[in-house]
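Here is what each chain is made of, one letter per residue.
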Amino acid sequence: MAKDRPDADIDRELEDLPHELRWREWMRRIEAVLFASASPVPGEDLTRVVGQGVSVDLLIEDLIADVADRPYEVAAVAGAWMLRTRATYAAVIRAAADVGGQDLDLREFDVAVLAAVAYNQPITRDGLKDIFGKEISRDLIGRLHARDLIATGPRSPRRGAPYTFVTTEKFLVAFDLQSLRDLPDREQLDDAGVGAE
């Protein structure tokens, strides 16, 4: 996100260009911002590079159509926009590209704890213990925190005011969710045989 950055001295209105070229330039500006950004970019930030009163949503729609035949796509994630490689190219990317620390490398139990946090946040370690029937190690919490999938939430109002945990924007991005409302319904999980017993 753009944070307290002075706006560059750019011509947003592009009045010297015909309407069709102006629209195309605004689309390219949005594509460039999404390409350069390491995290999803909110629509409010994208408005900084287009003319006054221009619909970023319509520009995004046209950009989505424009890149439809490319190996990457414009995706709505965590209430913002990002460019990402299409899933069909995952194997070739892993075979030839250095993707470094982008792989989450989560164990099955890590994912279960992450799901418990997502569905019950803010939740304490004791709350997780109640769900799983065993103590959740600080190491596991630390791994999820180090990968920026969870963060410290508000302190619990219980005695000792223990820390709670909540999911992060990176969690939404990693699991391709626009918001927590996009989590599967618990009843659907139970029906599919993957819910809690």
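How each quantity is defined
- Residues numbered from 1 in each chain as written.
- Predicted model: local features only at pLDDT ≥ 70, side-chain atom pairs only at ≥ 80, totals over all residues.
- Heavy atoms only, no water.
- Phe/Tyr/Trp six-rings, centres within 6.5 Å; stacked < 30°, edge-to-face > 60°.
- Helix = DSSP H or I, 4+ residues; strand = E, 2+ residues; numbered from the N terminus.
- Lys NZ or Arg CZ within 6 Å of the ring centre and 35° of its normal.
- Buried < 20%, exposed > 50% of the residue type's maximum accessible area, 1.4 Å probe, protein only.

> Please give an account of the packing of aromatic side chains that cites residues and values.
Within the structure shown, the criterion is met by three aromatic pairs. Judged by centre distance (5.1 Å) and plane angle (70°), the ring pair of phenylalanine 109 and phenylalanine 132 falls under edge-to-face. You can see phenylalanine 109 sitting in helix α5 (residues 108-120) and its partner phenylalanine 132 sitting in helix α6 (residues 125-132), a full 23 residues away along the chain. A cation sits over an aromatic face here: lysine 134 above phenylalanine 109, 4.4 Å from the ring centre. The ring of tyrosine 163 carries the charged tip of arginine 155 above its face, separated from the ring centre by 3.9 Å.

> Report on unusual backbone geometry, specifying residues and quantitative values.
With an omega of -5°, the peptide bond between glutamine 121 and proline 122 qualifies as cis. Residue position: proline 122 is located in the loop between α5 and α6. Phi is positive for aspartate 148, close to 60°, though the residue is something other than glycine. Taking relative accessible area as the criterion, aspartate 148 reaches 38% and is therefore assigned partly exposed. For aspartate 176, which is not glycine, the phi torsion reads 55° and is therefore positive. On the secondary structure map, aspartate 176 appears in the loop between α8 (169-174) and α9 (186-191). Looking at aspartate 176, the relative accessible area reads 41%, which means it is partly exposed.

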